[in-house]
Amino acid sequence: MSTEKQLFTVSIYTENNIGLLNRISAIFQRRHINIESLNTSPSEIDGVSRFTIVVNMSEDNIKKIIGQIEKQVEVIKAYYHTEDDIIYQESCIFKMRSGLLFDERQIQNIIKESNARIVTVNRDFFVIEKSGRKEEIELLHRELSVFGIMQFTRSGRIAVTKDEMKISTMLQAFQH
Amino acid sequence: MDTKTIKKEAINTQTTERISGSEAVVRCLLEEGVKVLYGYPGGAIMPVYDELYKFQDKIHHVLARHEQGATHAAQGYARISGEVGVAIATSGPGATNLITGIADAQIDSTPMVCITGQVSSHLLGSDAFQETDIVGISTPVTKWNCQVTKASQIPEAMAKAFYIAKSGRPGPVLVDITKDAQFEEFDFKYEKCKGVRSYNPIPKLDPTSVAAAAKLINAAKKPMIVWGQGVSLGQAEAQFKAVVEKAGIPSAWTILGAGAIPTSHPLNIGMVGMHGNYAPNVLTNDCDVLIAIGMRFDDRVTGSLSTYAKQAKVIHFEIDPAEIDKNVKTDVAVLGDAKESLAALLPLLEEKTHPEWHQKFKDLYAIEYEKVIKDDLHPTKEGLTMAEVLKEINIQTKGDAAIVSDVGQHQMIACRYANFNKTRSNITSGGLGTMGFGLPAAIGAKMAAPDREVISISGDGGYQMTIQELGTIFQQKVPVKIVVLNNEFLGMVRQWQQLFFEKRYASTEMTNPDFVAIAKGYSIEAQKVTKREELKDAVAKMINTDGPYFLEVCVEKEGNVFPMIPTGASVSEVRLE
Ligand SMILES: Cc1ncc(C[n+]2csc(CCOP(=O)(O)OP(=O)(O)O)c2C)c(N)n1
């Protein structure tokens, strides 16, 4: 059913413009739609930025949102994808007490099994980094939290689609 | 000698000139063909005003009495002419005072360019005197906006502003220019904007969708059109009329659509929406094909969506893809410019007359006439009705006037009863419902169309929201005709209090000043009418006066506007009393 809520990832190709983040977030805010995560970065095209936004809503409504986003003058093109349409990653960093590495042997195993990586170790703390799918990160968080986490932060989702988005051809067509 | 460099220099001296950013602003306006702009000076925009002074023989700056008035005047200018309206203000309070007009222009798709001064760039973010983040504030209500901090950015920003404001679905844009950018000198060169790569103002017409629309229309037994402002914005009146006439389709309008075909046209079946006509509202829920043209299914038009035209196939002709399926699910969407789409549709249509279907509209009109219209136009009670004032204006202007209404009961009465022979004649705040819009909008309309009779019709409430613009009329000698329909109430709110709040008239009764004396204070000829017998002569006096004129008509205090679709009810549940 297209009125049932589900997770959608939105890819927006835009001109590089400082005001645009404001315009795009206002579209969600006005309609009381909570943004689960938001990432902005350069894209595969020179001078074109890419927003990746994750929201939980119905397909009927995401279609309307895409219309509103594309209506913004400096948005080149916006797409929405289901979980099956994309390959995505999120990443996270944990800061933990260094003593744990010696006191709690299983931490080493957790890091290994979860494909996480130790970024740095010093006398007081060490830092673990992990990229992966949402559930993997949640699992790692759960496993590590029993030992006490000094700091935790997690990035927004970044995603590429399995199918082509034809954005370059679109841009070329415009330049005649 | 190196001929290459000489050549290059020769080109440079021809095409660029060293001027200040502030002069560039005015030169850009001239390049865009702007003849009039409305505004109010102040510190952060003074360099531009200094240039407006120097260029006063080429461009006419109209000093409004409040920046909101300047925006509405620019809107009135744009609405009647189709040209871009321009408003200009200083930073801080000057800029924030523009917001109501900008929001109004955004929701009513009015092309407008607003220019604001801003504190110098090194002060940005320091809470400097009269610094306000106008780009941030105006973002949700502009089609596009930007801040310029260097003189060299001015030509491109201005060119883009005009292009974006008027192309595709029009709208307001704002260009905020820091004071240092206004002072800075640079090599000026102007190039009109011909396109923005991320912006596709007019979607490409898809012939298969036009064919699908034609097929549905040709097979329809009970087709009905609802058209909006898209017809006149797209200058598609002729194509629209041809379609309506060939396919013989009863056609109703939203308030911003009024006049695209004349009120008296036999296929014009009246207005839809909350206070629209009975027949088109009721029969929206009876038609088999509903053809929406350049309209956006506003809630004031549709009433309850869950019971709106559920039986009908819906065709939507629209320039803005975001409007498709936004409120009403369509069976066929025809994206594109109305003129092009309707021209493509016309040859595919079969000639039809649908006499039985038309009869249904006539029958319902007769009911509305008996229950509502008769008493509105030919009252037997003592008090004057708003509608009889409109009737008198219709007679004396022969339906050729542009009616600029404010917001409230008088607005609905004006829309319902004014005769519009010409397109772009119903200038009113539709989407935002901005009280105070009327008087300043009439100034802009009259200045853009000096040959037309422009009549501003306001209530005693809304009139006082921008009454200071009488000063603008006085100073500029704008010959607008100002009618105030005085019921000593915020009438529309009072009507709701009567119907839905058991007559608890909370803060809707008005103790009014001597309006005639106020007008006379601005040297505007003025008259007050309290009796039916005086009305005809008073309207004649107003129309025959060369300059501006003020006419106050004291109407019945507790008159109501019917028909009415109560909020949340279905269009077919429209009440006649
Ligand atoms: C700026 C603004 N404030 C409040 C309203 C709400 N409102 C809508 S109609 C109306 C009453 C208008 O009264 P008046 O101008 O006297 O016109 P009437 O309805 O009596 O014709 C009010 C207060 C509004 N539309 N705009």
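This structure is a prediction, so every number in the text was calculated from the model and none was measured.

1. With respect to the site of the ligand
Residues and elements named next belong to chain B.
Thinking step 1. In the neighbourhood of the ligand, 18 residues make up the surrounding shell, with Gln409, His410, Gly433, Gly462 and Gly491 lying closest.
Thinking step 2. Asp460 is positioned such that a nitrogen or oxygen atom in its side chain is 3.2 Å from an oxygen atom of the ligand.
Thinking step 3. The contact in question runs from an oxygen atom of the ligand to an N or O atom on the backbone of Gly491, over 2.8 Å.
Thinking step 4. About the coverage of the ligand: the protein hides 76% of its 580 Å² of free accessible area.
Thinking step 5. Breaking the shell around the ligand down by element, the ones donating at least two residues are helix H18 (409-417), helix H20 (460-463) and helix H22 (491-500).

2. Thoughts on the domain arrangement of chain A
Thinking step 1. Taken domain by domain, chain A consists of domain 1 (5-81) and domain 2 (89-154).
Thinking step 2. If you average the C-alpha positions of domain 1 of chain A and of domain 2 of chain A, the two centres end up 31 Å apart.

3. Digging into the domain arrangement of chain B
Residues and elements named next belong to chain B.
Thinking step 1. Entries for chain B in the domain assignment read domain 1 (16-188), domain 2 (207-360) and domain 3 (378-554).
Thinking step 2. Each partner contributes residues to the interface: domain 2 has 18 residues there, and domain 3 has 18 residues.
Thinking step 3. For the pair domain 2 and domain 3, the summed buried area comes to about 1,400 Å², and 56% of that belongs to carbon and sulfur atoms.
Thinking step 4. Looking at the side of domain 2 facing domain 3, the largest losses of area belong to Ile255, Thr263 and His275, adding up to 37% of the total buried there.
Thinking step 5. One can count zero salt bridges joining domain 2 with domain 3.
Thinking step 6. Where domain 2 meets domain 3, there are seven residue pairs in polar contact (both at pLDDT 80 or more).
Thinking step 7. Residues that form the side of domain 2 that touches domain 3 fall into these classes: nine nonpolar, six polar and three charged.

4. Remarks on the packing of helix H12 (residues 237-247) of chain B against helix H15 (residues 338-345) of chain B
Residues and elements named next belong to chain B.
Thinking step 1. Across the interface, H12 lies against H15 with an axial gap of 8 Å and an inter-helix angle of 30 degrees. One finds that H12 runs roughly parallel with respect to H15. Crossing of H12 against H15: the hand is left-handed. Listed contacts from H15 to Gln239, Phe240 and Val243 of H12 are Lys339, Leu342, Ala343 and Leu345.
Thinking step 2. The class makeup of the residues in the contact of H12 with H15 is five nonpolar, one polar and one charged.

5. Points about the pairing of strand S5 (residues 86-97) of chain A
Residues and elements named next belong to chain A.
Thinking step 1. As paired elements, S5 and strand S9 (residues 158-161) share four bridges and run antiparallel to each other. Bridge pairing in S9 links Ile87 to Val160.
Thinking step 2. Bridge count between S5 and strand S7 (residues 125-132): eight bridges; the pairing is antiparallel. Residue pairing for S7: Glu90 is matched across the bridge by Gly132.
Thinking step 3. Bridging between S5 and strand S8 (residues 151-154) involves four bridges; their strand directions are antiparallel. Counterpart to Lys95 in the pairing with S8 is Gln151.

6. Quick notes on the confidence of the model for chain B
Residues and elements named next belong to chain B.
Thinking step 1. On average, residues of chain B carry a pLDDT of 96, and 98% of them reach 70 or more.
Thinking step 2. Counting contacts from residues 1-13, a segment whose pLDDT is below 50, to residues more than four positions away or on other chains yields one contact.
Thinking step 3. Prediction confidence for the complex, expressed as pTM and ipTM, is 0.95 and 0.91 respectively.

Criteria and thresholds
Residues numbered from 1 in each chain as written. Chains lettered and ligands numbered in written order. Predicted model: local features only at pLDDT ≥ 70, side-chain atom pairs only at ≥ 80, totals over all residues. Heavy atoms only, no water. Near = heavy atom within 4 Å. Polar contact = N/O pair within 3.5 Å; in protein donor to acceptor, adjacent residues only side chain to side chain. Areas by Shrake-Rupley, 256 points an atom, 1.4 Å probe, with all protein chains shown as cover. Helix = DSSP H or I, 4+ residues; strand = E, 2+ residues; numbered from the N terminus. Domains from an automatic or database assignment. Contact = heavy atoms within 4.5 Å. Buried area = accessible area lost by both parts, 1.4 Å probe. Salt bridge = Lys/Arg side-chain N within 4 Å of Asp/Glu carboxyl O. Nonpolar A, V, L, I, M, F, W, Y, C, P; charged D, E, K, R; others polar. Axes fitted to C-alpha atoms, helices over the stretch in contact; angles between N-to-C directions. Parallel < 35°, antiparallel > 145°, perpendicular 65-115°, else oblique. Left-handed = near helix turned anticlockwise from the far one by under 90°. Pairing = 2+ DSSP bridges. pLDDT = per-residue confidence, 0-100.

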